[in-house]
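As a plain string of letters, each chain reads:
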Amino acid sequence: MPLALLALAVGAFGIGTTEFVMMGLLPDVADDLHVSIPTAGHLVSAYALGVVIGAPLLAAATARMSRRTVLISLMGLFVVGNALSAFAPGYDSLLAARFLSGLPHGAFFGVGAVVATNMVAPERKARSVSLMFLGLTVANIAGVPVATLMGQHLGWRATFLGVGAIGLAAIASLALLIPHDHSQAPAVGLRRELAALRSLPVWLALGTTVAGFGALFSAYSYITPMLTDSAGYADSSVTLLLALFGVGATIGNLVGGRLADHAMRPTLFAGLTSLVLVLALFPLLMTTAWGGALAVVLLGIAAFVTGSPLNLMVMEKAAAGPSLASSANQAAFNMANAGGAWIGGLALTAGFGATSPALAGAVLAVLGLVVAGVAAMVDARRAPQTTGRERVVATHVPRTAAEAGARH
């Protein structure tokens, strides 16, 4: 695997840290800016909104630019957003800075996935994507806990300065390691990029992302009350348990990337099926401390096995506009974040118990399986027609010299 993937992973590490660290800093931010914790929670939503809006918008706007230049520019915007967050004088300015920080997120992963797959052989494409996303999953193991501790001891502003420093390191890595010969975007233009999104298989793949990762966030958004109220953990133990989720996500990401290179669709189906089973077992696993820890690890593995195959599938179905399609997949991921948390919250509000968000997530994972099944059937119907056309072209032999000349 090319060393340049390390540069993409460093950027992913910084992005993953700034995305998830706010959840651990909410009490400190709320106290310092004199707002309630629910109001401070809007800072999480502002970042997610920035991802959803910025992912397709920035990918489309930079369609004709060198991908190397795009990646460096997006990371520059990321640094600016985190610096503004660190020096925000009040809540409203911090809200705007968090939105700005989220804008480059989806486009970075979208363009980065295209660059990663262009640098390796076809049979290693999924693994290259998984190695880029390794930075995101490792952020949950090391980046988020360390950044949270930094914020608690040095102040939350120091956390965003630290994340900005990671962004600067990523810019230097991208400039040094991303080769020019693998970073040039084909001159397809915005119209062709947008046309690639009109394909039904692309939208089915995006729908699978929304349902599958919606299942994850339905449970993960409320993992803390599950661990404390059901599994019996103290509040002080939750940070370590969330790091265990990062371990599971890292394992699932690497395994999913390797398996998807051999069998992309079976890997996707296996990941979604395992996600259904893990979430359905949450009420049983969360009755003991060891079961709760196991549930957290298994949730990370099952959910992130599907990450690489889903991203690669979207890119293949939108071959004419892979950067925009891959960025749209990141927007779908954040829509899943918001939608899954909302659905899990409905289950809690209805009084179904602390582990009910996991059962709601299991239903969403089943929906993801259904959408993936429909996508498979659509591909199966289109395949014979394509094969038939290819066979006609391949087997046609000129009958006369004149015909042969005309064909040349």
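Our structure's up above, just so we're on the same page.
Residues numbered from 1 in each chain as written. Predicted model: local features only at pLDDT ≥ 70, side-chain atom pairs only at ≥ 80, totals over all residues. Heavy atoms only, no water.

Engineer: Looking at this structure, how should I read the overall build of the chain?
Structural biologist: Looking only at helices and strands, the chain has 18 helices and 0 strands in total. In the chain, which comprises 408 residues, the share counted as buried stands at 53%. Sequence-distant contacts, at least 24 apart, represent 84% of the contacts inside the chain between residues at least 6 apart. When the accessible surface of the chain is summed, it comes to about 16,900 Å², and 69% of that surface belongs to carbon and sulfur atoms. (Helix = DSSP H or I, 4+ residues; strand = E, 2+ residues; numbered from the N terminus. Buried < 20%, exposed > 50% of the residue type's maximum accessible area, 1.4 Å probe, protein only. Contact = heavy atoms within 4.5 Å. Areas by Shrake-Rupley, 256 points an atom, 1.4 Å probe, with all protein chains shown as cover.)

Engineer: Mind showing me how you'd approach helix α14 (residues 289-304) here?
Structural biologist: Since the α-helix advances by 3.6 residues per turn, residues separated by three or four positions end up pointing in the same direction. In a regular helix each residue adds 1.5 Å, so 16 residues correspond to 22 Å; α14 covers 23 Å between its end C-alpha atoms and thus fits that length. What α14 keeps buried is the set Gly 291, Gly 292, Ala 293, Ala 295, Val 296, Val 297, Leu 299, Gly 300, Ala 302, Ala 303 and Phe 304. (Expected span 1.5 Å × (residues − 1).)

Engineer: Sorry, what's going on with the packing of helix α12 (residues 264-280) against α14 here?
Structural biologist: Geometrically, a packed helix pair is captured by the angle between its two axes and the distance between the axes. Taken N-terminus to C-terminus, the directions of α12 and α14 make an angle of 160 degrees; their axes are 8 Å apart at the nearest point. As summarised for this structure, α12 and α14 are arranged roughly antiparallel, according to the angle between their axes. Every pair of crossing elements has a handedness; the one defined by α12 and α14 is left-handed. In this structure, α12 uses Gly 271, Ser 274, Leu 275, Val 278 and Leu 279 to contact α14, whose residues at the interface are Ala 295, Leu 298, Leu 299, Ala 302 and Ala 303. (Axes fitted to C-alpha atoms, helices over the stretch in contact; angles between N-to-C directions. Parallel < 35°, antiparallel > 145°, perpendicular 65-115°, else oblique. Left-handed = near helix turned anticlockwise from the far one by under 90°.)

Engineer: Where do I start with the packing of helix α6 (residues 125-154) against helix α15 (residues 307-317) in this structure?
Structural biologist: Running from N to C, α6 and α15 cross one another at 120 degrees; their axes reach a closest spacing of 9 Å. Accordingly, the angle class assigned to the pair α6 and α15 is oblique. Crossing handedness for the pair α6 and α15: right-handed. Judged by residue contacts, Lys 125, Ala 126, Val 129, Ser 130 and Phe 133 of α6 engage Ser 308, Asn 311 and Leu 312 from α15. Taken together, the residues that form the contact of α6 with α15 break down as 4 nonpolar, 3 polar and 1 charged. (Nonpolar A, V, L, I, M, F, W, Y, C, P; charged D, E, K, R; others polar.)

Engineer: What is the right way to look at the packing of aromatic side chains in this model?
Structural biologist: To describe a pair of aromatic rings, you give the distance between the ring centres and the angle between the ring planes. Evaluation of the coordinates by the stated rule reveals 8 aromatic pairs. Aromatic side chains Phe 108 and Phe 109 sit 6.0 Å apart centroid to centroid with 80 degrees between the ring planes, which places their arrangement in the edge-to-face category. Considered together, Phe 108 and Phe 109 belong to a single accessibility category, that of buried residues. Centre to centre, the rings of Phe 245 and Phe 304 are 6.3 Å apart; their planes meet at 70 degrees, and the pair counts as edge-to-face. With Phe 245 in helix α11 (residues 238-262) and Phe 304 in helix α14, this pair connects stretches of sequence that are 59 residues apart. By the burial criterion, Phe 245 is buried, and Phe 304 matches it. Following the ring pairs from residue to residue traces out a cluster consisting of Phe 213, Phe 217, Tyr 220, Phe 245, Phe 304 and Phe 333. (Phe/Tyr/Trp six-rings, centres within 6.5 Å; stacked < 30°, edge-to-face > 60°.)

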